[in-house]
Amino acid sequence: MASKKQLKQNINGIAGELFAECLFCRLYIPGVDPEEADVVLTKILDMQVEFLNRAARPDGKSNEKLVKAYYKKLKENLVKKVDEIGSDIAHLSEKKK
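Residues numbered from 1 in each chain as written. Predicted model: local features only at pLDDT ≥ 70, side-chain atom pairs only at ≥ 80, totals over all residues. Heavy atoms only, no water.

(A) Here's a closer look at the overall build of the protein chain. Of regular secondary structure, the protein chain possesses three helices and zero strands. When the helices and strands of the protein chain are listed from N to C terminus, the series reads α-α-α. Taken over C-alpha atoms, the radius of gyration comes to 16 Å for the protein chain, far larger than the 13 Å a tight globule of 97 residues would show. For the protein chain, the C-alpha atoms occupy an extent of roughly 55 × 20 × 20 Å along the three principal directions. Within the span of the protein chain, comprising 97 residues, buried residues form 27% of the whole. (Helix = DSSP H or I, 4+ residues; strand = E, 2+ residues; numbered from the N terminus. Rg over C-alpha atoms; globule rule 2.2 N^0.38 Å. Buried < 20%, exposed > 50% of the residue type's maximum accessible area, 1.4 Å probe, protein only.)

(B) Local environment of helix α3 (residues 64–93). In a regular helix each residue adds 1.5 Å, so 30 residues correspond to 44 Å; α3 covers 44 Å between its end C-alpha atoms and thus fits that length. Among all positions of α3, only Val67, Tyr70, Tyr71, Leu74, Asn77, Leu78, Val82, Ile85, Ile89 and Leu92 are buried. The elements touched by buried residues of α3 are α1 (4–28) and α2 (34–56). If you check the start of α3, you find a side-chain oxygen 3.1 Å away from the backbone N of lysine 65, and it comes from asparagine 63. (Expected span 1.5 Å × (residues − 1). Contact = heavy atoms within 4.5 Å. Polar contact = N/O pair within 3.5 Å; in protein donor to acceptor, adjacent residues only side chain to side chain.)

(C) Expanded view of the nonpolar core. Counting 23 residues, the largest nonpolar core has Leu18, Cys22, Val40, Ile44, Met47, Ile85 and Ile89 as its most contacted members. Mapped by element, the contributors of at least two residues to this core are α1, α2 and α3. Among the elements that make up this core, the one with the highest residue count is α3 (nine residues). Those residues in contact with valine 40 that lie beyond four places of it in its chain are Cys22, Ile85, Asp88, Ile89 and Leu92. (Core = buried A, V, L, I, M, F, W, Y, C linked by side-chain atoms within 4.5 Å.)

(D) Here's a closer look at the confidence of the model for the protein chain. Of the residues in the protein chain, 95% reach a pLDDT of 70 or more, and the chain-wide mean stands at 91. Looking across the protein chain, the model is least confident in α3, with a mean pLDDT of 93, and most confident in α2, with 96. (pLDDT = per-residue confidence, 0-100.)

(E) Structural view of a positive patch on the surface. Together, Lys4, Lys8, Arg57 and Lys61 make up a region of like positive charge exposed at the surface. Within the secondary structure, lysine 8 sits in helix α1. (Patch = residues over 30% accessible without salt bridge, like charges linked within 9 Å, V, L, I, M, F, W, Y side chains within 5 Å. Areas by Shrake-Rupley, 256 points an atom, 1.4 Å probe, with all protein chains shown as cover. Salt bridge = Lys/Arg side-chain N within 4 Å of Asp/Glu carboxyl O. Lys, Arg positive; Asp, Glu negative; His and termini not counted. Charge placed at Lys NZ, Arg CZ, Asp CG, Glu CD.)

(F) Spotlight on the packing of aromatic side chains. A full pass over the atoms with the stated rule returns two aromatic pairs. Look at phenylalanine 24 and tyrosine 28: their rings are 5.2 Å apart centre to centre, the planes differ by 40 degrees, and that puts the pair in the tilted class. Taken as a pair, phenylalanine 24 and tyrosine 28 lie in helix α1 at a separation of four residues, close to a single helical turn. (Phe/Tyr/Trp six-rings, centres within 6.5 Å; stacked < 30°, edge-to-face > 60°.)

(G) A look at α2. Its 23 residues place the ends of α2 33 Å apart at the C-alpha level, agreeing with the 33 Å of an ideal helix rising 1.5 Å per residue. Ala37, Val40, Leu41, Ile44, Met47, Gln48, Phe51 and Ala55 are the residues of α2 that are buried. Where α2 is buried, its residues touch α1 and α3.

Next up, the structure:
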């Protein structure tokens with residue numbers, strides 16, 4: 001497993017990329033509802049805070065197997081959340097009829 005520092009940097013990088021993508025959609029794609037985009041931006045920031053906090057405090061600090069399982073589950077949850085937010089951003093950028 002990579003260090004906690006590296007994991008936190010990855011979480012911040014992913015959140016930054018998602019935020020930039022959503023902000024681009026909000027500002028430069030015609031027909032995007034700014035309020036919907038603001039909801040997605042808030043969701044990104046909430047995700048970032050949640051996963052940074054979870055990365056800082058693993059369960060079962062004294063048991064190596066529990067810590068490994070904790071971080072594995074954390075990464076799986078992060079991937080699911082990023083996919084969900086990516087779908088939200090894609091939905092924003094779809095042409096409105």
